[in-house]
Structures are given as structure tokens and as C-alpha cells.
Number of protein chains: 2
Amino acid sequence: MEEVIKKAADVTEKVCEWQPPEKLKALLDLELKDTGENHQKLLQFCRDVIKFSVKTNHPRFFNQLYAGIDYYSLAARFITEALNPSVYTYEVSPVFLLVEDAVLKKMIEFIGWEEGDGIFNPGGSVSNMYAMNLARYKYCPDIKEQGLSGMPRLVVLTSDECHYSVKKAASFLGIGTQNVYFIKSDERGKMIPEELEKQVLRARKEGSAPFFVSATAGTTVLGAFDPLDEIADICERYGLWLHVDASWGGSALLSRKHCRLLHGIHRANSVAWNPHKMLMAGIQCCALLVKDSSGLLKRCYSANASYLFQQDKFYDVSYDTGDKSIQCSRRADAFKFWMTWKALGTTGLEERVNRALALARYLVDEIKKREGFQLLLEPEYANICFWYIPPSLRNMEEGHEYWEKLHHVAPAIKERMMKKGSIMLGYQPHRGKVNFFRQVIISPKAQLIVMNVPNGLGRI
Amino acid sequence: MEEVIKKAADVTEKVCEWQPPEKLKALLDLELKDTGENHQKLLQFCRDVIKFSVKTNHPRFFNQLYAGIDYYSLAARFITEALNPSVYTYEVSPVFLLVEDAVLKKMIEFIGWEEGDGIFNPGGSVSNMYAMNLARYKYCPDIKEQGLSGMPRLVVLTSDECHYSVKKAASFLGIGTQNVYFIKSDERGKMIPEELEKQVLRARKEGSAPFFVSATAGTTVLGAFDPLDEIADICERYGLWLHVDASWGGSALLSRKHCRLLHGIHRANSVAWNPHKMLMAGIQCCALLVKDSSGLLKRCYSANASYLFQQDKFYDVSYDTGDKSIQCSRRADAFKFWMTWKALGTTGLEERVNRALALARYLVDEIKKREGFQLLLEPEYANICFWYIPPSLRNMEEGHEYWEKLHHVAPAIKERMMKKGSIMLGYQPHRGKVNFFRQVIISPKAQLIVMNVPNGLGRI
């Protein structure tokens, strides 16, 4: 714990101890044998695992949309690991089912619904799948029993900036990736409502059945928010289920300053929201919230297994919520978030959001001031996308050769930073733009320190 | 930790501190407020959560197909919670991806395949879904893009004793629950191969497309093992994907004495196996193993998200296995099992299986000896299904009234045991049989102690 919690958060330590796969394999003694190892050896394994793992709690870990550690959540997670519950029935998980219910209700309140339903899932991708299936069930309940064969072609609509899980969901659910119509987004990455309407009409004209719009509140790369109110208008007009993938952006709902980013979210039929990202609840903590409170979620998902969901129990079996899930055993993911919320209060969570966005603002200002750094666009949220322009390119014309060369800069810098263990930062090409960095500052451990990057690449 | 680990395992303590839902809600102060609570209050919450949670580590917890705690796994789980990894790319989870690979390889070895592929999932239900989708992709790769509309009706075959997740999967994947053909099983709960063949022919005659057989190795209630070799013959004959849901029974593969239960499993195309059940790896630890080693899993599931799975990284990106998954963020569930395996060796895991089955045998013998206890059937595995016959019924004729009365006995005893906190034991009606108890003894803490049950109900 000393190694993994305290030392990992020390900025003078490495964020990762890079080893290439083959070498790390050799270092780790991974092989599973007939006989067990002694405790000394096991402790050494633990030390090695910690040593060579990435310290997501390190102040310089900016590689994903999560970072840092919340000690209240961590305490809760130790408790659940030790209790080892599975959340399907009240008799086995009385506390965790009630806690889940309390957290869902509070999240529903922040979405702005008077009532609602929901469930915690192993990931935002899974929440998006749930929503798509739920919308399909609402559109045509017979599909649950009869399947899609012989049905008209279903069409899903989402922006070209959506998370890849929408495509995975369409494939998994038997809808097919070709039947995901990707709506053009504007230069900031926001879905263009007029384009959505066009595609809905196109789908109808083709004789297919558009039924589900997945808007995004906080896109993965650019951090863009689709205009929910205008999209909701279109969904209402054409009778489409509006899902909002707010896996990343949902946490802004807790900030009075920034909740306007999600204006109109109360009009959605379902929302995916991952407190494990900006709110640091720990991997994984992901809720699907559903506006319907008539039991749609349960009707859609239930299989009524009689060995688990007996109806002749001596307590109110409406508390046995496991049949709302595609899972059987299910982790108590709501509890860690509940503990953090209890400890910090809504205002503490709000500060966490405000701080992340203030740090994003600060980073933007610094990037603008410094030679050799160039913003892709003014950020709407916490995703700061930028290029580092090495001195050799600074006076070059922005033609084919320039972009070709710049494309190789981010991977090269990333390699150096990883091997040095100095910083972890994601990069990607995107929408015809060559490789650029995307930085998100979430961890409370992240502080403003000027760091020298070697070989004249400037300072980060 | 004192409360949740040591005290919870003390047989003189209660297995649960029963409170009805509304009362527990009032006791727990679940409400999330604007301001945070002080540490004293937070500690009290922790104590209450532990107090009112079911002690799945208690020697008298027999309610599910898992129980007990493995301290090596627990140590590993504390480490992963503190490191907070997400297992998608080698750069973020170098150690945990290699560990997962090592564990999968070893599990594949025990299945008896020379090569293979696999992934850890949040539950056996999800593994079964993966397998069904994978089989569908293999059957017709175009479905990934084009979906099921306009396709012939797909048919899934499984026994009437299968886990309910097969039905949930068919619904979720757009195949439809009506297109799951439930094959009759014999009086011990084992799929009848001749019936399978009949249903395959029926499906073909109907012009539909049978493509997937889900056999079960260790059914949920009776613990029955389908005859895999004979089923594999039929699958080969008709070109069907053979999946084995060995979520519960897979662990027997580690026992030289009991692995014959799964004879023929090496002929399967995929296997679901949950080490979190009999091997006590902790909720959740569930692998889907796939015989194909040509990359089918990745081709079926990949969406090639360029922000995460960049192809111009400086290391061998074949180690970035996250695109095999329907999840984006994913927990490092293989590590805890790896740690247990390292600590105990294969022989230690084998002993765990042998012990559970020896205790099952002992329980059967005791049930046979004691008045008022009646076995449903001779168990094949660790599931001991029995009725307790109260004195008032012992001399009654086994007619309608007898069964009607007996049906109410298990729930009534369960209620008393729960309220007393003495023991937790599952019951269910099944295949026309009235409510009976199902007991599975996994926990190493379970020892042979004679316990007096009040009110003349006998001894358990």
C-alpha cells in the first residue's frame, strides 16, 4: 500500500516503469505451476506487479479520461472486496441494493427527471448497449421473443464523433454496423441537428425503422456536447428514443457553473453516466439511467429465473432488482460512489468538476502563450487537444510535408515520455487531423509544475 | 477489516443481520447531501454497511454457487483497486494484460486445446453472450455489418436445464427467446443427445438456421453435466458451434479425480468458466475461452477505435487486446485468480475442488441417515438438493396435499434461518418439484458441526 498509494502519487517518481512486452514477460515469472510459491516469493510478485504497473494515481497520468484516486471510494472498495457481495437479490445484498437505489435516485434528480429507473453496469459501453436494447424493446416489444429476422431494418442514429461502443452495440445486438447512421458534426464536434433530421427522413424513405438516437454529452476525443434540446425536438417529432451517452460529460451535471453544457438532458429517455471518470469513483462505476418508471427496464430484461428470483419470499421482492440486468452476478459498484458522495457532499463533487475545468482553462492559456504549442480548437470541456510543433517545423509551410512530419511527432514524444516514465498522455489522429495530444486533468494530485523535456522539445 | 474478514468468518457470529428493506433504509441514512460528513460519521457508515451485509465468507453461507474468501485473491484485489487499472492497452495495463494472457493460456491447457484465445468478462452470463455472438459471426460474418433483418431465422439450442442467461443472450442479441429451442434433459438434468438431434432437424425443416448449441457443464440447480462427447458428435455432423457453459462446472477440470465430468470438452468451440465460484477468486472472475486461434474473437468484436488502439505505437500492438471486448474500460479480473494459483499451485486448486465434492458426498450420506431429510436425486457434482420433511408430513401419503404443504416448508425454514442469522441456503421449485433446498459447500471455513434447529425441525 505504501508503494501503490503513497509512492505512486509522488511526482518525483515515475508514472510508469516501461518494459517492452517480451522483456516484461521474462521479468515477471508469469507461469502457473503445480505447486504453490512461498510467501516471500508471493510478496515479491506483488512488488513487481506494482512496480511495472502504470500508476494511474500519479499526478502525470493523463492518458485516459480517468485519473487519480479517491480515498473514500478506495475504502469502500476494500470493504466490498472483503464482503464479496453479488448484487441480484435483497437477501444476499440488502445494503448494496438500497445504496444503489439511493445513488440512482440522486443521479436521476441531477438529470432533472421527477422519477426514473436505472442500473449500474460494467462500463459505459455496456450502458449504451442496454439503452439501445431498451429502446428497441419499447419500439417493438415482440423483438424480445421473436428476434429481428423478418423485421424491418432498424436504424440507429448517432454523430460521427460518438464513442465506438455505439457501433459495437449495433453489431452485438444484431442491428448491424451499417445500420448506424453517423450524423455529421460541426467543426467543434457537435452533432448538427439539421443533419440528424435529414438522416431520419432518409431512413424512413428507405423503408427502414429509425428508432434510437444516441447523442453524446462529452465526446471522447474533443469533449464536445451535442445540442440536446434541438436533438430532443427532432426525437419528439419523429417518435425516436433519445439516449444521451454522458459517460464522460455527465459529471458536469453536478456543477452549477458547467451543467448548462447538458442543457436539455432532462428530455432524454435514457442517460449513460460514468462517475468513475471525472468523479474518480474507481474503475468501474457506470450507471444507465432511464426516464421510464413503469418498469420498462425490468420487462425488457427479465427472464424470471425461479431459482434466484423466487416470488414466495418472506420480504418485498420488488427489492430484488437483479432481473433488470443482463448479468447474473454483479458487483456493488454504486457503493464506492455513495461513500465518496457521503464524504464530500454534492459541493465537494462539484468542486472536483470545477477544478478539472479550471485546470483545463489554465492549460489552454499556457499553450497559447508558449512557442511550439498549438491548440486544435477552443475546448468546450476538459479535453485539451494540441500539437507540439518541434523547432524544425515551426517555420515550415503547412503543406503535405508539414502534416506528414507533424504526424510522427506525438508518437515520438510519447515514446520518449513513456520510456522515461515522466508523463503519460494520449494522442490520436482524428477527423483528418494528424496525431495530436489530448490532455485531461482530473487528478487532485496534478499541480502546476514546469517540467523540462530533454532534447530541445520545449517544456510541458 | 477485523469486522468484515475475521468476525464474518466466525461460526458463532451471524451469517446475516436481517432487516426488512424499509427498516434497513431507515437505519442506514442513505441520503446524499450537499455537504460531506465527518470521518467519525463515515466510519459509522462503514460499520453499518458491514453489519447489515450478508457475510458471504461465513461458514454457513450456502446461498449461491460461491462462498468463502481466498486471502491471496483478496490481497490481489486490494492491489488492483489501489492501482485502478483499466485493461485495454498494453501501455496502460502492461502487467495485467500479460497476466490475463498467462491465465487464459493455462485454462486453455486444462480444457485440452493446443491453442486458443479468450477474454475475462463481467460474469458468466456475459461470456455466454460473447460465445453466441461469436458463433453467429463465424456462421455469417456479414451479420456484424448488416444485422439480422432479412436474414433467415437463427436458432439456438440448449437444454431445458441451462442457465437463464442463454435466453437473455438470445433476446439481447436480437435472436429472440422463441428461437431458443430447449432440449429435453433426462431425470438427472442432462441434455438428451437424441432430442438435440431431433430439434436440429426440426429447425432445418422449418427453414431456419440452427447455428449454436450451448451445452452446460454443471447446471445451476441440479449440478448436472451434459454429455459433451455425444453433443459434440451432433455439432460436428450438422456444422454447429458447440459452446459449453462451464461457469459452474469448469473448475472440476483442475481435479484429476473429477475432470471426467467434462469429458469431451476439448471438442467445444468455446467455454465459459468462472473461477469466482468453486475456486473462490472473488466476484467477478469469468473467462470465455475460444478454441479458434486465428483471431476470430478480434475480428468479431473489433471496432478499431483510433483514439485508443493506435497502430503507430512504438511497441507490438498485438498486446492491445481490448478490442476483443464489448467493454471499453475493463477490470483486471484475471490477476486475483493468478495470485491464488501462484500461491496454491494447481494441486492446491485441485484440493479445493476435491474438498467441495467430498463435503457434498458427506452431506448426502448424512441426509440419507437422518429422518426427515430426503434427497431429490443422487448428485453428480456439488449441488445437494433435498427436502426437509417436517414431522407432521412424515406419515402423510405423497399426494396433492402433501406436495402442496411441503412446498411451503423451505420458504418457512429459510425465513426462520434468515431472521435468526443462523444459515443461508437457497431453495427453489424446479421441474415440477415443489420448493427444495440446494446446498453447495465451497468455503474452507465450512466445517462439520452439528447444529440444533429449534422448534423440532431437526438438525442441519
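Residues numbered from 1 in each chain as written. Chains lettered and ligands numbered in written order. Predicted model: local features only at pLDDT ≥ 70, side-chain atom pairs only at ≥ 80, totals over all residues. Heavy atoms only, no water.

*Asks:* Just to check I follow, could you spell out the environment of Tyr381(B) for this structure?
*Replies:* Residues and elements named next belong to chain B. Along the chain, Tyr381 turns up in the loop between β9 (373-375) and β10 (384-388). For the pair Tyr381 and Ala356, spaced 25 residues apart in the sequence, the C-alpha separation amounts to 9.1 Å. If sequence neighbours within four positions are ignored, Tyr381 has contacts with Gly223, Phe225, Trp248, Gly249, Ala252, Leu261, Met278, Leu357 and Ala360. A distance of 3.2 Å separates a polar side-chain atom of Tyr381 from the backbone oxygen of Trp248. (Helix = DSSP H or I, 4+ residues; strand = E, 2+ residues; numbered from the N terminus. Contact = heavy atoms within 4.5 Å. Polar contact = N/O pair within 3.5 Å; in protein donor to acceptor, adjacent residues only side chain to side chain.)

*Asks:* Could you clarify how one ought to interpret the nonpolar core in this entry?
*Replies:* The nonpolar side chains of a soluble globular protein tend to be buried with one another. In this structure, Leu262(A), Val271(A), Leu289(A), Leu262(B), Val271(B), Leu289(B) and Trp338(B) are the most contacted members of the largest nonpolar core, which totals 288 residues. Residues contacting Trp338(B), with those up to four places away along its chain left out, are Asp29(A), Leu30(A), Leu32(A), Phe45(A), Val49(A), Val99(B) and Val103(B). (Core = buried A, V, L, I, M, F, W, Y, C linked by side-chain atoms within 4.5 Å. Buried < 20%, exposed > 50% of the residue type's maximum accessible area, 1.4 Å probe, protein only.)

*Asks:* Can you walk me through the interface of chain B and chain A in this structure?
*Replies:* Where interface size is given, it is often the accessible area lost as the parts come together that is meant. Taken together, the contact pairs 144 residues of chain B with 144 residues of chain A. A combined buried area of about 12,100 Å² lies between chain B and chain A, and 60% of that area is made up of carbon and sulfur atoms. By the criterion of area lost to chain A, the three top residues of chain B are Leu32(B), Phe172(B) and Phe314(B), representing 8% of everything that side buries. At the surface where chain B touches chain A, the tally comes to 10 salt bridges. (Buried area = accessible area lost by both parts, 1.4 Å probe. Salt bridge = Lys/Arg side-chain N within 4 Å of Asp/Glu carboxyl O.)

*Asks:* How should helix α2 (residues 21-28) of chain A be read in this particular structure?
*Replies:* In an α-helix, one full turn covers 3.6 residues, which means residues spaced three or four apart are oriented alike. For α2(A), every residue scored as buried is listed here: Pro21(A), Leu24(A) and Leu28(A). Taken down its axis, α2(A) places every buried residue within 65 degrees of arc, on the same side. Residues of α2(A) that are exposed and point over 90 degrees away from its buried face: Glu22(A) and Ala26(A). On its buried face, α2(A) is in contact with α3 (39-52) of chain A together with α5 (94-111) of chain B. Directly after α2(A), the chain includes Asp29(A), whose backbone phi takes a positive value near 55 degrees. (Arc of directions from axis to C-beta.)

*Asks:* Hey, could you run me through the pattern of salt bridges in this one?
*Replies:* Where charged atoms from two side chains of opposite charge come close, those side chains can pair. Counted under the stated rule, the structure contains 80 salt bridges over all chains. Here Glu17(B) ties to Lys14(B) by a salt bridge, and the two come within 3.5 Å at their closest N and O atoms. Residue Glu17(B) is classed as partly exposed on the basis of its relative accessible area, which comes to 25%. Judged by relative accessible area, Lys14(B) falls into the partly exposed class, the value being 37%. Arg361(B) serves as the salt-bridge partner of Glu378(B), at 3.2 Å between the closest nitrogen and oxygen. Placement of the pair is Glu378(B) in the loop between β9 and β10 and Arg361(B) in helix α12 (residues 333-369), with a sequence separation of 17 residues. Each of Arg77(A), Glu81(A), Arg331(A), Asp333(A), Lys336(A), Arg77(B), Glu81(B), Arg331(B), Asp333(B) and Lys336(B) takes part in a single network of salt bridges with overlapping partners.

*Asks:* Would you mind going over the packing of aromatic side chains with me for this structure?
*Replies:* In this description, an aromatic ring pair is defined by two values, namely the gap between the centres and the angle between the planes. Per the counting criterion, the structure on display carries 56 aromatic pairs over all chains. Ring geometry for Tyr130(A) versus Tyr301(A): centroids 4.8 Å apart, planes at 40 degrees, classification tilted. A residue pair is termed long-range when its members are at least 10 positions apart, and Tyr130(A) in helix α6 (residues 124-139) and Tyr301(A) in helix α11 (residues 296-301) qualify at 171 residues. For Tyr130(A), a relative accessible area of 0% gives the class buried. Given a relative accessible area of 4%, Tyr301(A) falls into the buried group. On the numbers, 6.4 Å between centres and 75 degrees between planes, the contact of Phe309(A) with Tyr164(B) is edge-to-face. Within this pair, whereas Phe309(A) is found in the loop between α11 and α12 (333-369), its partner Tyr164(B) is found in the loop between β3 (154-159) and α8 (165-172), the two belonging to separate chains. Each member of the pair, Phe309(A) as well as Tyr164(B), is classed as buried. The residue whose ring lies beneath Arg202(A) is Tyr181(A), and the NZ or CZ to ring-centre distance is 4.0 Å. (Phe/Tyr/Trp six-rings, centres within 6.5 Å; stacked < 30°, edge-to-face > 60°. Lys NZ or Arg CZ within 6 Å of the ring centre and 35° of its normal.)

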